[in-house]
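The lines below spell out each chain.
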Amino acid sequence: MTPLLEITNLNVRFDTADGTVEAVKNASLVIRESECLGVVGESGSGKSQLFLAAFGLVAANGKVSGSVRYRGEEILGASPKQLNGLRGGAVTMIFQDPLTSLTPHMRVGDQIIEALTIHRRVPRAEARGQARAILDYVRIPESARRMRQYPHELSGGMRQRVMIAMATITGPDLIIADEPTTALDVTVQAQILEILRALKTDRKTAIAMISHDMGVIAGLADRVQVMRDGEIVESGTADDVFYAPKDSYTRMLLAAIPKASEPPPPVTAVGAPLLTVDDLKVTFPVKSGLFAKTQKLRAVDGVSFVLHQGETLGVVGESGCGKSTLARAVLKLAPQTGGRVVWLGRDLDAATQSDLRALREDFQIVFQDPLASLDPRMPVGQSIAEPLKALEPGLSRESVREKVRSSMARVGLDPSWINRYPHELSGGQNQRVGLARAMIVGPKMLVCDEAVSALDVTIQAQIVELIRTLQAETGLSLIFISHDLSVVRRLSHRVMVLYLGRVVELAPAAALYGDPRHPYTRALLSAVLTPDPRVERAKKRELLTGDLPSPLDPKAQLTFLKSRLNTPDYRPRLDEVTPGHFVAEHD
Amino acid sequence: MIATGQTLKSSEEIMGRSLWADARHRLLKNRAAVAGMIILGLVALLAVLAPLLSPFAYDEVNYDIIACAPSWWPVEAACRAPGHIFGTDAVGRDLFVRVLFGARVSLAVGLVATLVSLLIGVLYGATAGYLGGRIDGLMMRIVDVLYSLPFIFFVIILMVIFDRNFILLFVAIGAVEWLTMARIVRGQTLSIKQKEFIEAARAGGVSPFGIILRHVIPNVVGPVMVYVTLTVPGVILTESFLSFLGLGIQEPLTSWGVLISDGADQMETAPWMLLFPALFMAVTLFCFNFIGDGLRDALDPKDR
């Protein structure tokens, strides 16, 4: 039988101002009917370009050679008209960012109908009915109302469902899903993967799943191909690749993934309390229209915790749960509206601006996006030196330079790179620069705000290891914020789970991962993907249904305490179930 | 850990390739922009060396050769003035040296007024954008009020009160040009303010003014430079417009605007009097525009 898609010796090259870049080198693959092929690789491995090139979507400066056969018919170099008949009809695509893939000024329903009327020539009235049916299929509640909405009115998860609906409505043979869940929260990711799994089993659609995440691939793919630097380094059935990897790179990829079984770091002798946060509140005024009443968005709504010397507190939550706002409020980068932040017995509220600036030597922050957090016009050495110059203005140029060099060496950067610019370094190296900048003033506390989230897994593992080493060397306290529970587990002594600006569970890491009490924590943990096909296939998921409620909704806090819905101002209480393990009230 | 054992000498440090170096590289590959820069350099050189290039002084009147064509003028002319390569004007002054002196004034007005507007506009706009809130609102409303003043009216009043003089021209033009600059810089600052590296600098204890100087301004320089190259020709045109109305430079000093105005009066009898200053001005404006285009492409290669 001829396979659905057969790519043979595909090469993609780009002519850029800096020379020729070979994005894909001699890649060959086969996708059979109703089969899921997982394509794994780190950023820049050419995994997306491979499929874009196969369907004639490569950028204008790209040159493609090789052979691409769809049902035995050569489509490489086919006319745009021929390709348009294929794309969006028999072969559809889902991209990473659903907001940029949907036309902002068109109603969601019309966009879905458009796909159908163009490719299947279905009359509009009938198409409308089909569109509603497909929205129900991808589990969008109130599909009739959603069809009249615009993309910006939907949440990220909803938009991705709309994309899937658009991609399935024409009844394609093959869906190419390019990192479809990367921009989504774990619980939403689990829901989307569930839909894709259903597509594969019910509709017999073949799926090409492109992802950097071995966990995403594990649960879905029948066969897996691993790409590195434009080449396919390993291919085989999912079980072979995961359980008996032959290539050293595949082994490295698998080893870099944080395992659920990995024990949390040992609880060292924790010192005296360093930071005490008491009932911290941050609200932002939100105005939805010209004459609308200003509403209060409670980003952080009464969070209390204590951080001890040498301890790591992991802060976990989905986007919009206020974890970054919490970090900024603790560091006095965002104004708090209530509560107290006490640093070594000193109330930071009372501190003047200049006192606060002096105190910044004690607490530093590392940001999520390594490139965005460095000034593009400054050599990295200057960026690293900046806090030092601002906080210790008396230092001579020579000693600043010496300190920058030793700080760079400490985070594993070659000190001779002192005059390089951020755009010349990789993401991991830039994040090391960010760490060097934070560590140069010798802080007592470091806040890592999603500090490893934007990095590839192998780099992620290195940076986590570096942070651990720095902590062991200096006795630093850490607040480690992440949406990724398995990364948090690697570093944290205690973990705090946030939901819409409130703590739902706070416990020692072993207790939280071993004996989660709150339903939200349990849902989060069950949504975490493991790079183990058998475990993933067998897993029974505790899926949350629907979206995160709007934080503007006063009842949102009571999602897990439905019995109190008649008193909307009620806030769930934190109970200490065992010593040190706090859980919010729930039904 | 790499290279911890030995301390590297500074000569061994790798010099990074800054975004500026990249932009310069791209700019130098842009033929139109490079040609613009060369021609503009030549015009500037001619203007500076003007007294050395001609045996005549710019205010040397010679009633024997009033409005005479240069000796090479191809069309029939009433009289010819050998030695005067661009011919002479209505009172017999050498046109070549006057065009070059006009270039001095026009370029000087263009550059100085632009620099003034740059200095005020960048600081004002960056401060308003970075501080934000009420201060921003107040500062930008002041700009709006100044914007709404009718420019020509404003200049005429200045000229009447303070008498006509050269400096006043800079002040008048600069006072209007910085407004647009401030708006552009403010807009850019607002978007840069959201970037994480600004927050990183705040977390590192850098003062607000330090952030504006070290992080905001260097990052708005790109769009500002483009605007500058487009402002200079605008200012030159404004000056010639004012001179055309008789509000600009006074005799015997001259500018391209004055020369064009005079030349336009005698267009039919002595076309060279209009042609040469107009040609110089047009070429110069073209050069500035090409450089501006080249700079925009060089600084922002993605938006091409």
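Computed from a predicted structure; not experimentally measured.

### Some remarks on the interface of chain B and chain A
Okay, so step 1: With 28 residues of chain B at the interface, the matching set in chain A holds 31 residues.
Okay, so step 2: Elements with a contribution of two residues or more to the side of chain B that touches chain A: helix H7 (196-203) and helix H8 (208-244) of chain B.
Okay, so step 3: When residues in the side of chain B that touches chain A are grouped by element, the largest group, seven residues, is from H7(B).

### Here we look at the confidence of the model for chain B
Residues and elements named next belong to chain B.
Okay, so step 1: Of the residues in chain B, 94% reach a pLDDT of 70 or more, and the chain-wide mean stands at 82.
Okay, so step 2: Put simply, strand S2 (residues 80-81) is where chain B has its lowest mean pLDDT, 74, and helix H4 (residues 133-147) is where it has its highest, 90.
Okay, so step 3: Contacts from residues 1-11, a stretch scored under 50 in pLDDT, to residues over four places away or in other chains number 13 contacts.
Okay, so step 4: Taken together, the chains of this predicted complex give a pTM of 0.79 and an interface ipTM of 0.77.

### A word on the environment of Glu60(B)
All names here are of chain B.
Okay, so step 1: Turning to its location among the elements, Glu 60 is positioned in the loop between helix H2 (31-53) and strand S1 (69-70).
Okay, so step 2: Given 15 C-beta atoms within 10 Å, Glu 60 falls into the partly exposed group.
Okay, so step 3: For the pair Glu 60 and Pro 252, spaced 192 residues apart in sequence, the C-alpha separation works out to 9.4 Å.
Okay, so step 4: Aside from chain neighbours lying at most four places away, what touches Glu 60 is Arg 93 and Asp 94.

### A few points about the nonpolar core
Okay, so step 1: Counting residues in hydrophobic clusters, the biggest one holds 239 residues, and the most contacted among them are Ile112(A), Ala208(A), Met209(A) and Val447(A).
Okay, so step 2: The element best represented in this core is helix H3 (residues 95-131) of chain B, accounting for 17 residues.
Okay, so step 3: The contact partners of Met209(A), leaving out residues within four places of it in the chain, are Cys36(A), Leu37(A), Gly38(A), Val39(A), Ala177(A), Val216(A), Ile217(A), Leu220(A) and Ala221(A).

### Quick look at the sheet that holds strand S4 (residues 62-70) of chain A
Residue and element names in this part refer to chain A.
Okay, so step 1: Taking strand neighbours across the sheet as the criterion, the four strands line up as S2-S1-S4-S5 in an open arrangement whose pairing is antiparallel. The outermost strands of the open sheet, each flanked by one partner alone, are strand S2 (19-31) and strand S5 (73-74).
Okay, so step 2: This element, helix H1 (residues 47-54), spans strand S1 (5-16), S2 and S4 of the sheet and lies at about 105° to S1.

### A closer look at H4(B)
Okay, so step 1: Along its 15 residues, H4(B) runs 21 Å from first to last C-alpha, staying within 8% of the 21 Å computed at 1.5 Å per residue.
Okay, so step 2: Taken across its 15 residues, H4(B) has zero buried, putting it largely on the surface.

### Looking at helix H12 (residues 323-330) of chain A
All names here are of chain A.
Okay, so step 1: Counting buried positions along H12 gives eight out of eight residues, so the element sits mostly inside the fold.
Okay, so step 2: Listed as buried for H12 are Lys 323, Ser 324, Thr 325, Leu 326, Ala 327, Arg 328, Ala 329 and Val 330.
Okay, so step 3: One or two steps after H12, the chain reaches Lys 332, where phi turns positive at roughly 65°.

### Some details on unusual backbone geometry
Residues and elements named next belong to chain A.
Okay, so step 1: A positive phi angle is found at Asn 26, which is not glycine, with a value near 50°.
Okay, so step 2: When the 14 C-beta atoms within 10 Å are taken as the criterion, Asn 26 is described as partly exposed.
Okay, so step 3: With a phi angle near 50°, Leu 500 is a residue other than glycine that sits in the positive phi range.

Criteria and cut-off values
Residues numbered from 1 in each chain as written. Chains lettered and ligands numbered in written order. Predicted model: local features only at pLDDT ≥ 70, side-chain atom pairs only at ≥ 80, totals over all residues. Contact = placed C-beta atoms within 7 Å. Helix = DSSP H or I, 4+ residues; strand = E, 2+ residues; numbered from the N terminus. pLDDT = per-residue confidence, 0-100. Buried ≥ 20, exposed ≤ 12 C-beta atoms within 10 Å, placed from the backbone. Core = buried A, V, L, I, M, F, W, Y, C linked by C-beta atoms within 7 Å. Pairing = 2+ DSSP bridges. Axes fitted to C-alpha atoms, helices over the stretch in contact; angles between N-to-C directions. Expected span 1.5 Å × (residues − 1).

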